[in-house]
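# Close look at the chain arrangement
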Amino acid sequence: MLSCKLEQVCSLPHSQFKTTPFKNTPQTMAYHCRASHTRMLERLEYRPTQYNDKSGAGVVMNFQSMAAEFWQKGYLCCDNFFDDELMDRCQKHILDEFGDDPDFVHNEEFLERSNTDVIPWFPQRDGVDAFDIVEQDSRLQALTEAILGGGWASLYSMVMFSKQGSKGQSWHQDCPPEDISRFNLNRLVYSMDIDASIGGETLVVPGSHRIGTISAGDGDEVLAGEIALSPKKGTLIMIHGHLWHRVKPVHGRYRASINYRCCPANTPTDVTDICVYRNMRYQFSTHSIVEERL
Ligand SMILES: O=C(O)CCC(=O)C(=O)O
Ligand SMILES: [Fe+2]
């Protein structure tokens with residue numbers, strides 16, 4: 001009898017499984033748990049990929065164990081994933097785009113209620129190809145596939161820029177967690193170092209992608225189990241859309257991250273239309289609060 005490979009990381013019952021050959025890659029099989037919690041890919045044969053980090057030391061990436069770590073914690077942090085030269089190009093484009101004093105594009109009610117002090121830019125819509133190169137990285141694709149299984153789809157790439165004094169982002173879930181099979185995956189790429197000296201660290205509550213809706217309360221409260229991630233230039237962070245996460249206030253001149261959002265097969269493209277905050281649910285397409293939580 002088959003057993004769920006995810007038993008240690010999935011809190012849901014796992015009594016029925018089906019195995020299906022994974023499209024286009026006959027060596028792999030996808031295991032689906034009854035609750036289709038994860039659509040996880042268990043690679044029966046996987047090939048480690050060798051790449052050089054900044055120090056020149058070879059680092060072997062085991063996509064299978066990275067995916068398992070992701071599913072256990074709801075996030076994954078990989079330093080030195082992208083090289084400095086590419087990151088410097090991206091950073092230059094970002095600074096050229098935003099200059100020193102960019103304007104906010106969100107409406108005022110959203111800014112006030114969500115405490116989301118970031119300015120988005122969609123570089124691929126402007127044809128800036130440095131940002132395509134990151135997305136087309138074969139290792140990033142293989143890791144994404146190990147996490148989401150076949151048929152996953154890119155949503156869009158978005159640069160998020162915060163200037164000095166920004167409050168960062170309140171605790172949130174990128175999409176409603178009620179349907180556990182319906183979620184986005186954030187693939188965040190950092191083209192600059194982010195640490196306590198400039199602020200803007202990314203806070204996460206490990207494992208919270210399996211808990212459900214974030215509790216109601218203050219957007220910047222200290223939550224039990226929270227940890228701070230301090231990505232460096234070239235770091236890749238993957239975040240499950242149901243994970244409780246926030247961004248701390250920015251004291252340095254600016255903070256930027258590049259987000260390549262994607263989702264599993266058969267997920268509606270508007271999966272991130274409603275974001276869950278501790279004080280409300282906000283719908284971006286209608287610019288409206290769809291639920292007050294406080
Ligand atoms: O910029 C970050 O580190 C996190 C951004 C975030 O929460 C998001 O894009 O949904
Ligand atoms: Fe988020």
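Residues numbered from 1 in each chain as written. Chains lettered and ligands numbered in written order. Predicted model: local features only at pLDDT ≥ 70, side-chain atom pairs only at ≥ 80, totals over all residues.

Turning to unusual backbone geometry, a few remarks are in order. In this model, asparagine 80 sits at a positive phi of 60°, which is unusual for a non-glycine residue. Along the chain, asparagine 80 turns up in the loop between strand S6 (75–78) and helix H2 (84–98). In the Ramachandran plot, histidine 287 falls in the positive-phi region, its phi being about 50° despite a non-glycine side chain. Within the secondary structure, histidine 287 is located in the loop between strand S17 (280–283) and strand S18 (288–292). Note on histidine 287: 11 C-beta atoms within 10 Å, which makes it exposed. (Helix = DSSP H or I, 4+ residues; strand = E, 2+ residues; numbered from the N terminus. Buried ≥ 20, exposed ≤ 12 C-beta atoms within 10 Å, placed from the backbone.)

Let us now look at the packing of helix H1 (residues 63–73) against helix H5 (residues 138–148). When two helices pack together, you describe them by how their axes are tilted relative to each other and by the distance separating the axes. At their nearest, the axes of H1 and H5 sit 9 Å apart, and the two run at 55° to each other. In this view, H1 runs oblique relative to H5, as classed from their interaxial angle. Of the two possible hands of crossing, H1 and H5 adopt the one that is right-handed. Across the interface between the two elements, Phe63, Gln64, Met66, Ala67 and Phe70 from H1 touch Ala142, Leu143, Ala146 and Ile147 from H5. (Axes fitted to C-alpha atoms, helices over the stretch in contact; angles between N-to-C directions. Parallel < 35°, antiparallel > 145°, perpendicular 65-115°, else oblique. Left-handed = near helix turned anticlockwise from the far one by under 90°. Contact = placed C-beta atoms within 7 Å.)

Looking now at the nonpolar core. Residues Ala67, Phe70, Tyr75, Ile147, Val189, Ile237 and Met238 are the most contacted members of the largest nonpolar core, which totals 52 residues. For phenylalanine 70, the residues in contact, after removing those within four places along its chain, are Tyr75, Leu76, Ile147 and Met238. (Core = buried A, V, L, I, M, F, W, Y, C linked by C-beta atoms within 7 Å.)

Another aspect to go through is H2. Given 3.6 residues per helical turn, the α-helix brings residues three or four places apart onto the same face. Taking 1.5 Å of rise per residue, 15 residues should cover 21 Å, and H2 covers 21 Å from first to last C-alpha, within 8% of that figure. Turning to H2, the residues buried within the fold contact helix H4 (130–135), strand S8 (153–163) and strand S15 (254–263). One or two positions beyond H2, positive phi appears at glycine 99, with a value near 60°. (Expected span 1.5 Å × (residues − 1).)

All residues in the neighbourhood of ligand 1 are listed as Met160, Gln169, Asp174, Asn186, Leu188, Thr202, His245, Val247, Ser257 and Asn259. Those elements that provide at least two residues to the shell around ligand 1 are strand S10 (185–189), strand S14 (245–247) and S15. The class makeup of the residues in the shell around ligand 1 is 3 nonpolar, 6 polar and 1 charged. (Near = placed C-beta within 6 Å. Nonpolar A, V, L, I, M, F, W, Y, C, P; charged D, E, K, R; others polar.)

Okay, H1 next. Among the residues of H1, Phe63, Ala67, Ala68, Phe70, Trp71 and Lys73 are the ones counted as buried. Looking one or two residues beyond H1, the residue adopting positive phi is glycine 74, at roughly 85°.

Let's shift gears to the confidence of the model for the chain. Of all residues in the chain, 76% attain a pLDDT of 70 or more, and the chain-wide mean is 82. Here residues 1–47 is a poorly scored stretch, pLDDT under 50, and it has 80 contacts once near neighbours within four places are set aside; other chains count. (pLDDT = per-residue confidence, 0-100.)

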